[in-house]
Amino acid sequence: MLLQPLIMSDNPDDESDSSVITRTRTKTKRPPLYKVLLLNDDYTPMEFVVHVLERFFGMTHAQAFEIMLTVHKKGIAVVGVFSHEIAETKVMQVIDFARRHQHPLQCTMEKEDWAAPNVAAPDLWLPRTDP
Ligand code: TYC
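Residues numbered from 1 in each chain as written. Predicted model: local features only at pLDDT ≥ 70, side-chain atom pairs only at ≥ 80, totals over all residues. Heavy atoms only, no water.

Points about the pairing of strand 1 (residues 34-39)
No. 1: Within strand 1, five of the six residues are buried, which leaves it mostly tucked inside the rest of the structure.
No. 2: The sheet contact formed by strand 1 and strand 2 (residues 76-82) spans six bridges and is antiparallel. The residue of strand 2 that forms the bridge with Tyr-34 is Phe-82.
No. 3: Pairing of strand 1 with strand 3 (residues 106-111), which is carried by six bridges, proceeds in the antiparallel orientation. If you follow Leu-37 over to strand 3, its bridge partner there is Thr-108. (Buried < 20%, exposed > 50% of the residue type's maximum accessible area, 1.4 Å probe, protein only. Helix = DSSP H or I, 4+ residues; strand = E, 2+ residues; numbered from the N terminus. Pairing = 2+ DSSP bridges.)

Looking at the packing of helix 1 (residues 46-57) against helix 2 (residues 61-74)
No. 1: Two numbers describe how helix 1 lies on helix 2: the axes approach to 8 Å, and their chain directions differ by 125°. Between helix 1 and helix 2, the crossing angle belongs to the class labelled oblique. Relative to helix 2, the crossing made by helix 1 is right-handed. Facing Met-46, Val-49, Val-50, Leu-53 and Glu-54 of helix 1, the residues of helix 2 in contact are His-61, Ala-64, Phe-65, Ile-67, Met-68 and His-72.
No. 2: Of the residues belonging to the contact of helix 1 with helix 2, the class tally is eight nonpolar, two polar and one charged. (Axes fitted to C-alpha atoms, helices over the stretch in contact; angles between N-to-C directions. Parallel < 35°, antiparallel > 145°, perpendicular 65-115°, else oblique. Left-handed = near helix turned anticlockwise from the far one by under 90°. Contact = heavy atoms within 4.5 Å. Nonpolar A, V, L, I, M, F, W, Y, C, P; charged D, E, K, R; others polar.)

Some points on the packing of aromatic side chains
No. 1: Tallied over the full model, the rule gives three aromatic pairs.
No. 2: Look at Phe-56 and Phe-97: their rings are 5.4 Å apart centre to centre, the planes differ by 75°, and that puts the pair in the edge-to-face class. Here Phe-56, found in helix 1, pairs with Phe-97, found in helix 3 (residues 84-100); they are 41 residues apart in sequence, far enough to count as distant. Here Phe-56 and Phe-97 have matching classes, each one buried.
No. 3: For the pair Phe-57 and Phe-82, a centre-to-centre distance of 6.2 Å together with 45° between the ring planes defines the contact as tilted. Note that Phe-57 is positioned in helix 1 and Phe-82 in strand 2, a separation of 25 residues in sequence. As far as the burial class goes, Phe-57 and Phe-82 line up, both buried. (Phe/Tyr/Trp six-rings, centres within 6.5 Å; stacked < 30°, edge-to-face > 60°.)

A word on the nonpolar core
No. 1: By size, the foremost hydrophobic cluster in this structure holds 25 residues, and its most contacted members are Val-36, Leu-38, Leu-53, Phe-57, Val-94 and Leu-105.
No. 2: Of all elements in the fold, only strand 1, helix 1, helix 2, strand 2 and helix 3 reach the threshold of two or more residues within this core.
No. 3: The element contributing the most residues to this core is helix 1, with seven residues.
No. 4: Ignoring any residue separated from it by four or fewer positions in sequence, one finds Leu-53 in contact with Leu-38, Gly-58, Met-59, Ala-64, Ile-67, Met-68 and Val-79. (Core = buried A, V, L, I, M, F, W, Y, C linked by side-chain atoms within 4.5 Å.)

Structural notes on the confidence of the model for the protein chain
No. 1: For the protein chain, per-residue confidence averages 83 on the pLDDT scale, and residues scoring 70 or more make up 72% of the total.
No. 2: This model gives residues 5-10 a pLDDT under 50, and the stretch forms 15 contacts once residues within four places in sequence are excluded. (pLDDT = per-residue confidence, 0-100.)

Right under this line is the structure:
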């Protein structure tokens, strides 16, 4: 929250009131969002990637299969958008799960940049919660 005092002119020659008015403006800033990205590699089996997307990103089998194919063809894809803490957890879970199954699957996160900050479009947001 930012408290911004509004200070008016104290110049006596000035037409305006010489008093100092403090008005509190409550500026609410939305927390930044982070994209979780999945990277392609030549070794992780396709079925494993589909399973990861179902398990950690709450996708249906069809959605997971489609996103897996996108990563396979394009090299990278966004698999979800979350708060910093949740994105970090997802990345760790995926890397850890892949490592435990001896697959080199890689996952990373990137700050989401907004064209216009604080533009309200909540209906366009992706879910941030755990599946
Ligand atoms: N390219 C992998 C293969 O042919 C499949 C794959 C897809 C791997 C997506 C990683 O993020 C990935 N077995």
